[in-house]
Amino acid sequence: MMKLHDLEFKPFIKAEEIEKTVARLVGEIAEDLKDEVPVFVGILNGSFMFVSDFVKAYPKPCEVTFIKLASYEGVKSTDDIQRLIGLTQDLTGRTVVVLEDIIDSGKTLAEVHRIFKNERVKALKIATLFYKPEAYKKDFKLHYVGIEIPTKFIVGYGLDYNGLGRDLPEVYQLKTTQHMTNLVLFGPPGAGKGTQAEFLKEKYNLVHISTGDVFRYNIKNETALGMLAKSFMDKGQLVPDHVTIDMLNAEVEKNTDANGFIFDGFPRTNAQAEALDKLMEEKDSQIDGMIALEVDDEVLVKRLLERGKTSGRTDDADENIIRNRITEYYKKTAILKEFYSAQDKFYGVDGVGSIEEITQRLSKVIDAL
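None of these values were measured; they are calculated from a predicted model.

A word on the overall build of the protein chain. The number of helices and strands found in the protein chain is 11 helices and 15 strands. Taking 21 Å as the expected radius of gyration for a compact globule of 369 residues, we find that the protein chain reaches 28 Å, considerably beyond that expectation. In terms of overall dimensions, the protein chain has C-alpha extents of about 95 × 45 × 35 Å along its principal axes. Burial analysis of the protein chain (369 residues in total) assigns 45% to the buried set. Partitioning the intrachain contacts of the protein chain with sequence separation of at least 6 by distance along the chain shows that 71% fall at a separation of at least 24. Of the accessible surface of the protein chain, which amounts to about 19,100 Å², a share of 50% is contributed by carbon and sulfur atoms. Across the protein chain, the centroid of the 49 positively charged side chains sits 2 Å from that of the 60 negatively charged ones.

What follows covers the packing of helix α6 (residues 224-233) against helix α7 (residues 241-254). Helix-helix packing is characterised by the crossing angle of the two axes and by the distance between the axes. At a minimum axis distance of 10 Å, the contact between α6 and α7 shows a crossing angle of 155°. With respect to each other, α6 and α7 are oriented roughly antiparallel. α7 is crossed by α6, and the crossing has left-handed handedness. Mapping the contact onto sequence places L225, G226, L228 and A229 in α6 and V243, D246 and M247 in α7. For the contact of α6 with α7, a count of residues per class yields five nonpolar, one polar and one charged.

This part takes up the pattern of salt bridges. For the coordinates displayed, the defined rule picks out 20 salt bridges. A salt bridge links E306 to K309; the shortest N-O distance between them is 3.2 Å. One end of the pair, E306, and the other, K309, are both in helix α9 (residues 297-311), three residues apart, so they sit about a helical turn from each other. Put simply, E298, E319 and R323 are held in one network by salt bridges that share partners.

Taken in spatial order, the four strands line up as β1-β2-β10-β9 in an open sheet, and their pairing is antiparallel. Each edge of the open sheet is held by one strand with a lone partner, namely β1 (2-4) and β9 (154-155). Bridge analysis of β1 against strand β2 (residues 7-13) gives three bridges, and the strand direction is antiparallel. Residue pairing across strands places L4 opposite L7, the latter belonging to β2.

What follows covers the pairing of strand β13 (residues 260-264). For a regular strand, side-chain orientation follows a simple rule: the groups alternate between the two sheet faces. For β13, the buried fraction is high: five of the five residues fall into the buried class. Of the two faces of β13, the one lined by G260, I262 and D264 and the one lined by F261 and F263 are each fully buried. One ladder, built from five bridges, connects strand β11 (residues 181-186) with β13; its direction is parallel. Counterpart to L183 in the pairing with β13 is I262. Where strand β12 (residues 207-210) meets β13, four bridges bridge the pair, whose relative direction is parallel. Its bridge partner being in β13, I209 is matched across the sheet by F263.

The next subject is α7. It helps to recall that an α-helix has 3.6 residues per turn; residues three or four apart then point in one direction. The terminal C-alpha atoms of α7 lie 20 Å apart, and with 14 residues this matches the ideal 20 Å at 1.5 Å per residue to within 8%. Looking at α7, one finds that the buried residues are V243, T244, I245, M247, L248, E251 and V252. On its buried face, α7 sits against β12, α5 (211-220), α6, β13 and α8 (270-282).

With that out of the way, let us pick up the nonpolar core. Counting residues in hydrophobic clusters, the biggest one holds 30 residues, and the most contacted among them are V184, I209, F261, F263, L276 and Y340. Elements with a minimum of two residues in this core: β11, β12, α5, α7, β13, α8, β14 (289-294) and α10 (319-341). Here the element with the most residues in this core is α7; it accounts for five residues. Not counting chain neighbours up to four residues away, the residues in contact with F263 comprise L183, V184, L185, I209, V252, L276, M280 and I287. Ranked by size, the runner-up nonpolar core spans 27 residues in total, among them L25, V26, F50 and I154.

Low pLDDT marks regions whose predicted coordinates should not be analysed in detail. When pLDDT is averaged along the protein chain, the result is 90, and 95% of the positions lie at 70 or above. When pLDDT is averaged over each element of the protein chain, helix α1 (residues 15-33) comes out on top at 98 and strand β5 (residues 76-85) at the bottom at 51. Taken together, the stretch residues 72-79 has pLDDT below 50 and engages in 16 contacts with residues farther than four places along the chain or on a different chain.

Looking now at the sheet that holds β13. Sheet architecture is open: five strands sit in the order β12-β13-β11-β14-β15, paired in parallel fashion. Looking at strand neighbours, the two that pair on one side only are β12 and β15 (346-350), the edges of this open sheet. Adjacent strand axes in the sheet meet at a mean angle of 25°, parallel and antiparallel pairs treated alike. Sitting on the sheet, helix α11 (residues 355-367) touches β11, β14 and β15, and the angle it makes with β15 is about 160°.

Reading the values: rules and limits
- Residues numbered from 1 in each chain as written.
- Predicted model: local features only at pLDDT ≥ 70, side-chain atom pairs only at ≥ 80, totals over all residues.
- Heavy atoms only, no water.
- Helix = DSSP H or I, 4+ residues; strand = E, 2+ residues; numbered from the N terminus.
- Rg over C-alpha atoms; globule rule 2.2 N^0.38 Å.
- Buried < 20%, exposed > 50% of the residue type's maximum accessible area, 1.4 Å probe, protein only.
- Contact = heavy atoms within 4.5 Å.
- Areas by Shrake-Rupley, 256 points an atom, 1.4 Å probe, with all protein chains shown as cover.
- Lys, Arg positive; Asp, Glu negative; His and termini not counted.
- Charge placed at Lys NZ, Arg CZ, Asp CG, Glu CD.
- Axes fitted to C-alpha atoms, helices over the stretch in contact; angles between N-to-C directions.
- Parallel < 35°, antiparallel > 145°, perpendicular 65-115°, else oblique.
- Left-handed = near helix turned anticlockwise from the far one by under 90°.
- Nonpolar A, V, L, I, M, F, W, Y, C, P; charged D, E, K, R; others polar.
- Salt bridge = Lys/Arg side-chain N within 4 Å of Asp/Glu carboxyl O.
- Pairing = 2+ DSSP bridges.
- Expected span 1.5 Å × (residues − 1).
- Core = buried A, V, L, I, M, F, W, Y, C linked by side-chain atoms within 4.5 Å.
- pLDDT = per-residue confidence, 0-100.

Encoded structure:
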């Protein structure tokens, strides 16, 4: 995330994708114009980076000039477009290619057409790096389009928010939701993960989403997703990741005002972790950290054997089963540890001590996120 003035923006389009798109537009236009010497016209201020990179890559002779139109102040657009800096050369009979950084409603484009109609140009072509098709309200033809994007406010690569952001080599999109704290909580059998999840959700007003609970709820209530999951389970097959993600998405959607979420029991694989990242990105959010309670194996075995005396659970009464469960946990967690460590989001927390001591250690990590 990045903050400009009072707003937060999240990564949207990488510099590498922009570079490839500019190269593609250069190739298309050079192919169409062949040996003509065109006049490329940039619309200031936003197009300066696009024009610079475009002209440097253009393989044939060309001329470059700029005009400046005022149509935006900060995030909001106005209906009044004023020509501030005009053309200083005679373009009669010339082929003009307007290089726009972004086209949304088309109001600026209407003024551009009015200007060049009076210049008696041979041909007027429009090339735009970014295009918002859902916002476009005009009938003017766009001859060359780089990247189609949704109708959201973006900054970077020439585009700004109240003067900031034009210098960024990549593009960021406005983050429209409140900041949330989203955690993936792990812990081996007997580490006290469930107990700590209850304390943390109360302390930070988070929603605890246990994959097991979500599955049981959907199957018990015979929801469409529950019945779909059950159809796989009845065949002895694993429930596909997309079904689990859809269930988690439904839980997130039920709690749109939450301060964040504790994900318990998911993800288990890199593919699931990537799917969860994508889900949170769609919510204008992210996973802030994977927190793993770390407890010595012998302590875990002792705890579970003690629990087995009162819980009635057979898997808590057999030491061999307990050790196998712990081994399986480490196999699964190792994969996720690498995934989140690569993002600097893995946090191991000592899970030995009183409940209050462990909660304090977890809270220290969360408060620093």
